[in-house]
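The lines below spell out each chain.
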Amino acid sequence: MPSLLSLSLSLLLLFNGCLARQSSEQQFQFQNECQINRLNSIEPTSRIRSEAGTTEWWNPNSQQLRCAGVSVMRQNVEPNGLVLPYFTNAPQLIYIVQGRGIQGTVLPGCAETFQESQQGQEQGQKSRRRFQDQHQKIRRFRQGDMIALPAGVVHWFYNDGNERLVTVNLLHTANSDNQLDNNPRRFSLAGNPEEEQRRLRRFAQQQIQGSRSESESEEMEDEDEEEQDNRPSRKQSGSRHEQQSSSCNNLLCAFDQEFLAQAFNVDTSLIRRLQEVRGHKGSIIRVRGRLDVVSPPTMEEEEREERQQEQRYRQRHPSGRDNGLEETFCAMRLKENIADPERADIFNPQAGRLSTLNRYNLPILNALGLSAERGVLYNRAGTVPQWCINAHKILYMLKGSARIQVVNENGDTVFDDNVEQGQLLTVPQNFAFLKRAGSEGAEWVSFFTNSEAANTPLAGRVSAIRALPEEVVAASYQISREDARKVKFNNQDTFFFTSSRSERRDQA
Amino acid sequence: MPSLLSLSLSLLLLFNGCLARQSSEQQFQFQNECQINRLNSIEPTSRIRSEAGTTEWWNPNSQQLRCAGVSVMRQNVEPNGLVLPYFTNAPQLIYIVQGRGIQGTVLPGCAETFQESQQGQEQGQKSRRRFQDQHQKIRRFRQGDMIALPAGVVHWFYNDGNERLVTVNLLHTANSDNQLDNNPRRFSLAGNPEEEQRRLRRFAQQQIQGSRSESESEEMEDEDEEEQDNRPSRKQSGSRHEQQSSSCNNLLCAFDQEFLAQAFNVDTSLIRRLQEVRGHKGSIIRVRGRLDVVSPPTMEEEEREERQQEQRYRQRHPSGRDNGLEETFCAMRLKENIADPERADIFNPQAGRLSTLNRYNLPILNALGLSAERGVLYNRAGTVPQWCINAHKILYMLKGSARIQVVNENGDTVFDDNVEQGQLLTVPQNFAFLKRAGSEGAEWVSFFTNSEAANTPLAGRVSAIRALPEEVVAASYQISREDARKVKFNNQDTFFFTSSRSERRDQA
Amino acid sequence: MPSLLSLSLSLLLLFNGCLARQSSEQQFQFQNECQINRLNSIEPTSRIRSEAGTTEWWNPNSQQLRCAGVSVMRQNVEPNGLVLPYFTNAPQLIYIVQGRGIQGTVLPGCAETFQESQQGQEQGQKSRRRFQDQHQKIRRFRQGDMIALPAGVVHWFYNDGNERLVTVNLLHTANSDNQLDNNPRRFSLAGNPEEEQRRLRRFAQQQIQGSRSESESEEMEDEDEEEQDNRPSRKQSGSRHEQQSSSCNNLLCAFDQEFLAQAFNVDTSLIRRLQEVRGHKGSIIRVRGRLDVVSPPTMEEEEREERQQEQRYRQRHPSGRDNGLEETFCAMRLKENIADPERADIFNPQAGRLSTLNRYNLPILNALGLSAERGVLYNRAGTVPQWCINAHKILYMLKGSARIQVVNENGDTVFDDNVEQGQLLTVPQNFAFLKRAGSEGAEWVSFFTNSEAANTPLAGRVSAIRALPEEVVAASYQISREDARKVKFNNQDTFFFTSSRSERRDQA
C-alpha cells in the first residue's frame, strides 16, 4: 500500500508544518521580543509616493523595532510640498535630516495667538482687507532640528525652501501615552492617504499572523500591489467613493454630510467639497503658488522668547515635574537644533562630538519619555564600549558609515558590521556597543526610549572600570596592579577614542 | 480505496480546523486588541440575582472592553439592601444612576473618626448605653454622584432610600495599580457570592480560551446553568460547606477556625457563626429592620469640610502631585456630583451641557488615572466631531438615545448607530466620533482612562481646524480661502451644534 | 485494512497531541499569569558552582514568580570570595542573610570620591608610593542589610569576613525600568560565567516553549548537562576561545581587540590578557591574598553621613519625588539594616516584631518601585489575616518555619502549608493570607513590588473589620451586635496574635 504510506508521510509532514508554524510563532507569542541573537542594520521596506514627496516606513515588525517598541518612517518633501495635517497614536521625535520649512502643531486648548493681516499679504484685494485670520503658533525649522510631538496632536509641515526636505520620524508606540496597541497609526485630517493606510494595515496584519521577516533584509517595495485586506465596506459608498477616480480616507470623510454641515455650520455643498478629494495625491501635496502664512518671527527671536517662557515656568515649578498638559504648555519649546557644532556637550578635536537632548534641555521630553543624541566621529575615530542603562537606542546614520559591534548578556556579538548612510540599527537596553567611524567619518542621530537616557562607558575617564578599585580590576581580570592601573587610567578621554594614538602605542 | 480517500479528507479537514483555530486565536495572541473594524453598542451579558438586588456584568472579553482595559458592571439595590463589604483588584469609578444611600470606604491606616453613641439610637436599652461604636467615615451619596475607589480598598453600600439604587461601576483592570492580570476580581469580606464568582471565573476561562464573542451581541443570561469550571477542592469541605444548604465563599471562610479565633481573640464558636453563611443571598442582602448607623453630616456640611481640607492640602503640596496614600488621604474627597446643571463646565441653552470630572476637581483621580464626563444633549442637538488624544472613552447612555458615528485611522466608520438607554459604547483613544441626540434628547456618562482626558474637536471655537492657518485649510481641502474661512469660523460654539441653525442656513 | 485504521488512530492521537499542546500553552499565551488555583513553597531549581561559591536560581517560569514579575537567586560566597562586577536588566533588592563584606556600586556619572594611598597599604614598596588609586564609594555591609540596586548599574561584592556570605537577590523584571522582556539577564564585566548564562538562556527558552513545570516542585539540578541551545557562533572563535581549556563570556571578550586597545589606550597584548580568562571559575572567584582596598569609614560614620546628605536633599526637594538619577544620587543611601530588633516598627513582646523598609525610610526605593519587610514571630504566634492592597509579596523564610494560608478571590485556599527555612512563597496582590509560626518561631524577609506596599489586616486594631460600623458587621455576618462588637474590638493588637491568649479564652 504505497499510497497509504505516502499519505501518512504527507500528513506527518503537514503535521510537522503545523508544529513548526506553532513554534515559529512562539517567538512572538509571549512578547519575548528582546531575545536577540542577531541584529541587522535595516532600511525602509516600503515607499509610498505622494504628489510632492514620499513616505518610507521601516517594517515595524522587525524584531529589533518590536523589542524597542518603536516605529520609524522617513519623509521626503519636495520644495513647496505640504504634509497634510495628521496625528499619530504615539509621541514622535522628528529629526530634520535636510532642508527647512515651517510647521504647525495644534495643541488642544491653546489659543490662536497668531493674527494674520490679509492686507499685508494680499495687496490690492480690497474686499478681504478687513479680515484677519488667526491660528495657533507656527514654527520655523531647519536642518539639525529635533521636533518633539505628543501623541494625538495634529501637525503639518511645509517645505518653503529650495531643496528637498528630509525627516526621520520615530514613533514610540510602546509609550504609556499610547493606550491602543503596538501598531503605528496615522490619523489624517485631510487628503486621501489610502496607500499609506493600506501599508500600515498590512503591517498590522503581518504582526497578527506573526510572519515577520526573520532576516529583516526585505527588499524595498513600492506600493502598487492589489490590496487584499478585509476592510469593512464603507457606509456611504455613494457618489464620492468611486473606486477609479478618487476616494476620501481622512477623518472628515466618514462622517455624515448633514451632521458635518451642522457641526461646521456651513452648507452641505461645502461639506461635499471638503469630502471630495481629487486625485491620488497621498499625504504630501504640492501647494499651488506658495503657502502664504504669516511669517513667524526669526528663528533667533522665537527661540529666545520660548526659552524665556521656559525659565519663568521653571521658576514657578522648581520640581521640574510638570505633566506636559498645563497652560504654559501652549508656549512650550517643541524643538531644538542639535547639529550646531557649538552646542556639542562632549567634544574632542581629534575624535568628534556629541550633542544630547533630554528632559533637562527640552522639558517637553519629560512628558514624552524620549531623548536623543547627535554624534559626529572623524576619520577612524570611535566611541568607547558602553551600554545604555535605562533605554533602547535607535541609531540612524546620517552621513558616512561606522563599524558597530553590539554584545548581548551572554557575551555574544549580535552585530558586527558597518552601518551605512540611511540605515537604522537598534541597540537594546543594556547591550554593550562600540562604534568606529570609517575613513570618511560618521554622523548619526540616536533616539532613546527614556527622557534621560544614561550611558555607562566601559573605558575612559567616566567609565565603570575606572570607578572600580584597582585591586578589584586586577583580581577580576587576573592581571597585575600595574596593568589594572593602565586599563583604568590610560584613556583620559570621555566617550571617545582615536585610532592614531593607539597605533602610535602599538608601534612604540 | 474510497475509505483511504475519505480518511485523508477528514484528516485534512481536521488539520484545517487546527490551523483555523490557531488563526482565530491569533487575534488575541498578540494583544493586538485595538485593531477595531467594527464596534457595537453592548449590554450586560449576565445577571446575578442576590437577595436584595442584582449585579449585571458586561462581558469583559468583548473586544472593545479589552481594548480599553476595563470591566463594567451595573448594580440594582432594592430599598434597605446592603452591598456586602468587598474590594476589587482595580480602581473603580461608580456612577449613581438612580437613588441614594450611605457608603463606607475603608482606607488602610486611617483612624476610626466616627463615634457612635448607642444611647441616641437605641433608647431604653440601658445595658448598652455606655458603649460607643467607632468606625471610619461614612459618606452619603445621591443620584448623579461619581464615587472614586482605589484598588484593594474595602467598601460597602446601603440603600436607605425608598427607590431602587442603580449604579454603573467601571473597573480599570489595565491600571498600573492592578498587578494581577486583566481579569476583574471581586474579593468579598462577607456573604456567599458564589454565583458572581462563578461567572467571573467563566469570563476568565473564556479569555484564556480566546473564545470571545465576535458579534458581541450575546443574549443576557441568568446564572442558573451548571458550573463546569475546575475549581480546586476546598480544604475544609466539612460541615460548613454542604453543597445543598449554603456555602461560604468569602475571604474569612477559607481560613482555619482556630487561627481566626486567635486572630480575632474570640471563641471558635463565634468564628463558626461568622463562617456559616445561611441561604443563597449573594452579595446584596436585605437588612432586617433598618441599618442604624450614625447619621453622617448633611451632604453640604461634609462636602464643605472636605473641600477645605483639600485646599489646605494643596497649599502644602503646590506641585499637585501627591501619591494618593499620604495621611491627608484619610479625609480625601472620594465623590462629586456631576449631574447638577449648575455645575456644568460647558453650557449652551440650545444644545446641552457637559460636566467634566478630572484630577483638577477631584484630586484622588490623579492617583487612579481616571476621569469622567456627564453630558446632556437636547432634542436633535449634537457634539461636534472630535477625538480624545490620551484616553479611551467608555460611554454609558443614561436616558434617551443618540446616534453616534466613530471613525478609525483608516477613515472607516466603525460605528454608526443609535446608542439607547442602558447601552455601553467604547470609543478607543484617537478614534474620531460625533454624537447627535434623538428627538427626546440624550443624557450619558463617559469614563476616561486618564486622569485628565483631553478632547480635540474638529469643528467649533476651540477646534483643530480653527487652529490651522486659513491657507493650510484651503490647500489641504483644495477649497477657496473664503470657504476655508467659513469652515474655520462659522461655528462659534464650543463642542456643540444644533440642528436648527444649520437647517436655517441650508434653506437660506 | 487494519493498518489504515491504526494509521488513522495514530494520526488522531498526534492531532490530539497538537491540540493538547496548544491548549496547555494557552495558559501562558494571554499573560493570564495570576489565575492561581494552587501555590507551592518553592526552592531553587538550579545551582551553579563557581570557584568561591555558588549561585542558585529559582525557576523564573514558575507561575507564582511570573505572576509577580520577579526572579530570585541566592548567592553563597566563601570567605575571600569576590562576586565579579556585573549588572542586571532589572532593579535588585539584595538581603544579606548571613555574613559581612564590602560592596561597590558604580553609579553612572558619579565621581571617584575614594582616594587610596598605596603607601599606607603596601608598605615598603617604594616604587608605587606616589601613585594613588581613586574609585567610587565602597560600602560595608553585614547580616540583616537590605541593599537596593538600580537596573543596569555595575556592582561587586567581596566577602572579607570569616564565615560564608549568603544573600537573597530579588530581580524585579516586570519593573518599568526594564524595557527588555521578562527574562532575568546578568551582564558580566569579567570572568567566564558560562554556566550561569547557559542556565538563564534555558529558562528563557522554556518560557518561550511554555513548558513551565506545573507542579513547581522540580528537583534541584546541578549544571553539568550538555548545552543544547542554539547559540550563535562566535565571531572570534580563534585562539582564546578553545572549547576545552577556557572561554570568555563577559562583555569585554566579544569586542575586537584592536578597537579595545584603542578604547583603553593600551597595548593589544594587555587586551589579550583581559580577554583571556583562565579556568572555569564562574562568577565568584577566590582572591589570592586579600583584597586590599581602602578601608571605608565605619558603618556608623558612613550611615550618619549618608543620612545627613539625605536630609539636606529632602529639604531642597520637599515633594519627595526625585527621579533617582540626579546628582545627589551619587551619595545616596543604598542600604539599611532591617534585622536590628531596636529598629522594629511594630513590636509585641509576646508575639514578635516587624521592620518595614519603603520609600519613606530608604528614598532610592521610590525610584525602584520596591519595598521590603523583615518579620519575626515567636513560638506559635501569628500575624492576622490580611492582604496587600497594591503589591505582590515574595516571602523568603530565613529561620524556623510558619504555617501560611493564602486565599484567592473565590474564597479558595490556594496554599495551606508550612514554609520552611530557605523556601520562597509568593502571595499575589490582594490575596488574603495568615501566618502562624511553628514551635521554634519564624523569621522571614518579604519583598514587595511597590515602593510603599500597604497591608490591610482583617482583624486587630487597624483592621478593615474595625473600620466598619458595628451594624454593618452584624448585618453582613448575620450575628448579634454584641458578637459584632467582639469581632471588632477583642484583638487590641496590631497585626499580631498569640496562641496563648485565645487558648485561655477557649478554655474559659
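Since the structure is predicted, the reported quantities are computational estimates derived from the model, not experimental observations.

*Asks:* Mind laying out the overall build of chain A, listing which residues take part and the relevant values?
*Replies:* Regarding its fold elements, chain A presents 12 helices and 26 strands. Residue pairs in contact within chain A that sit at least 24 positions apart in sequence constitute 76% of those at least 6 positions apart. On chain A, roughly 18,000 Å² of surface is accessible, and the fraction owed to carbon and sulfur atoms is 44%.

*Asks:* Describe the packing of aromatic side chains, and please don't skip the residues or the numbers.
*Replies:* For the structure shown, the criterion picks out 15 aromatic pairs over all chains. Taken together, the ring pairs connect A:Phe87, A:Phe187, B:Trp387 and B:Phe431 into an aromatic cluster. Over the ring of B:Phe203 we find B:Arg199, and its NZ or CZ is 4.1 Å from the ring centre.

*Asks:* Give a description of the state of the cysteines that names residues and reports values.
*Replies:* All names here are of chain A. Scanning the model with the defined rule gives six disulfides over all chains in all. Each sulfur in the disulfide pair Cys110 and Cys330 lies 2.0 Å from the other. Because the torsion about its S-S bond is -85°, the bridge between Cys110 and Cys330 counts as left-handed. Residue Cys110 is located in the loop between strand S6 (100-106) and strand S7 (114-117), and its partner Cys330 is located in the loop between helix H7 (299-316) and strand S16 (335-337); the two are separated by 220 residues in the primary sequence.

*Asks:* Residue-level account of the environment of B:Phe433, with values.
*Replies:* As for its placement among the helices and strands, B:Phe433 is situated in strand S24 (residues 432-448). By relative accessible area, which is 2% here, B:Phe433 ends up buried. In the structure, B:Phe433 is positioned 27 residues away from B:Val406 in sequence and 4.3 Å away in space, judged by C-alpha atoms. Discounting chain neighbours no more than four positions away, the residues touching B:Phe433 are A:Phe255, B:Val384, B:Pro385, B:Gln386, B:Trp387, B:Cys388, B:Lys393, B:Gln405, B:Val406, B:Val427 and B:Asn455.

*Asks:* Let's hear about the packing of helix H5 (residues 257-264) of chain B against helix H6 (residues 268-275) of chain B: which residues, and what values?
*Replies:* All names here are of chain B. With their axes 9 Å apart at the nearest point, H5 and H6 run at an angle of 110° to one another. Taken as axis vectors, H5 and H6 run roughly perpendicular relative to one another. Mapping the contact onto sequence places Gln257, Glu258, Leu260, Ala261 and Phe264 in H5 and Thr268, Ile271, Arg272 and Gln275 in H6. The residue makeup of the contact of H5 with H6, split by class, is four nonpolar, three polar and two charged.

*Asks:* Lay out the pairing of strand S4 (residues 81-88) of chain A in plain terms, naming residues and giving numbers.
*Replies:* All names here are of chain A. Where burial is concerned, most of S4 is hidden: eight out of the eight residues are buried. With three bridges joining them, S4 and strand S11 (residues 154-158) adopt antiparallel strand pairing. Residue pairing in the sheet places Leu82 in a bridge with Tyr158 of S11. Note: S4 against strand S13 (residues 186-188), three bridges, orientation antiparallel. The residue of S13 that forms the bridge with Thr88 is Arg186.

*Asks:* Give me the lowdown on helix H11 (residues 481-489) of chain B, citing residues and values where you can.
*Replies:* Judged by how many residues are buried, H11(B) sits mostly within the fold: seven of nine residues are covered. Inspection of H11(B) places B:Arg481, B:Asp483, B:Ala484, B:Arg485, B:Val487, B:Lys488 and B:Phe489 among the buried residues, and these make up the whole buried set.

*Asks:* Describe helix H6 (residues 268-275) of chain A, naming the residues involved and giving the relevant values.
*Replies:* Listed in full, the buried residues belonging to H6(A) are A:Thr268, A:Leu270, A:Ile271, A:Leu274 and A:Gln275. For H6(A), the angular spread of buried residues about the axis comes to 155°, placing them on one side.

*Asks:* Mind laying out the pattern of salt bridges, listing which residues take part and the relevant values?
*Replies:* All names here are of chain A. Under the counting rule described, the total for this entry stands at 67 salt bridges over all chains. Across the pair Glu56 and Arg74 runs a salt bridge, and its minimum N-O distance is 3.0 Å. Of this pair, Glu56 sits in strand S2 (residues 53-57) while Arg74 sits in strand S3 (residues 71-77), and the two are 18 residues apart along the sequence. On the accessibility criterion, Glu56 (5% relative accessible area) is buried. One network of salt bridges, in which partners are shared, links Arg333, Glu336, Arg343 and Asp345.

*Asks:* So, the environment of A:Leu171: which residues are in play, and what are the values?
*Replies:* All names here are of chain A. Within the element layout of this structure, Leu171 appears in strand S12 (residues 165-171). You can call Leu171 buried: its relative accessible area is 1%. Sequence separation of Leu171 and Val72 is 99 residues, and the distance between their C-alpha atoms is 6.1 Å. Dropping the residues within four chain positions of it, Leu171 is found in contact with Trp57, Gly69, Val70, Ser71, Thr88, Ala90, Pro91, Gln92 and Pro184.

*Asks:* Would you mind going over the packing of H6(A) against H11(B) in detail, with residue names and values included?
*Replies:* Look at H6(A) against H11(B): their axes get within 11 Å of each other, and the N-to-C directions meet at 105°. As summarised for this structure, H6(A) and H11(B) are arranged roughly perpendicular, according to the angle between their axes. Mapping the contact onto sequence places A:Leu270, A:Arg273 and A:Leu274 in H6(A) and B:Asp483, B:Lys486 and B:Val487 in H11(B). Each residue belonging to the contact of H6(A) with H11(B) can be placed in one class, and the counts come to three nonpolar, no polar and three charged.

*Asks:* I'd like a rundown of the pairing of strand S22 (residues 413-420) of chain B, residues and numbers included.
*Replies:* Residue and element names in this part refer to chain B. Here strand S21 (residues 393-407) pairs with S22 via seven bridges, running antiparallel. Bridge pairing in S22 links Arg403 to Asn418. Between S21 and S22, which follow one another and run antiparallel, lie five residues, and Gly411 among them has a positive phi close to 75°.

*Asks:* If you had to explain the side chain of B:Thr498 to someone new, which residues and values would you point to?
*Replies:* By the element assignment, B:Thr498 lies in the loop between strand S26 (496-497) and helix H12 (499-507). Among the residues examined, B:Thr498 registers a relative accessible area of 6% and is labelled buried. Leave out the neighbours within four places in its chain, and B:Thr498 touches A:Gln262, B:Gln350, B:Ala351 and B:Ala381.

*Asks:* Just give me the short version of the confidence of the model for chain A, but keep the residues and values in it.
*Replies:* Residues and elements named next belong to chain A. In this model, chain A carries a mean pLDDT of 82, and residues with pLDDT of at least 70 account for 77%. With pLDDT under 50 throughout, residues 7-30 is counted as low confidence; its partners more than four residues away or in other chains account for 52 contacts. Across residues 211-217, confidence stays below pLDDT 50; counting only partners more than four residues off in sequence or on other chains, it has 12 contacts.

Conventions and cut-offs
- Residues numbered from 1 in each chain as written.
- Chains lettered and ligands numbered in written order.
- Predicted model: local features only at pLDDT ≥ 70, side-chain atom pairs only at ≥ 80, totals over all residues.
- Heavy atoms only, no water.
- Helix = DSSP H or I, 4+ residues; strand = E, 2+ residues; numbered from the N terminus.
- Contact = heavy atoms within 4.5 Å.
- Areas by Shrake-Rupley, 256 points an atom, 1.4 Å probe, with all protein chains shown as cover.
- Phe/Tyr/Trp six-rings, centres within 6.5 Å; stacked < 30°, edge-to-face > 60°.
- Lys NZ or Arg CZ within 6 Å of the ring centre and 35° of its normal.
- Disulfide = S-S within 2.5 Å.
- Buried < 20%, exposed > 50% of the residue type's maximum accessible area, 1.4 Å probe, protein only.
- Axes fitted to C-alpha atoms, helices over the stretch in contact; angles between N-to-C directions.
- Parallel < 35°, antiparallel > 145°, perpendicular 65-115°, else oblique.
- Nonpolar A, V, L, I, M, F, W, Y, C, P; charged D, E, K, R; others polar.
- Pairing = 2+ DSSP bridges.
- Arc of directions from axis to C-beta.
- Salt bridge = Lys/Arg side-chain N within 4 Å of Asp/Glu carboxyl O.
- pLDDT = per-residue confidence, 0-100.

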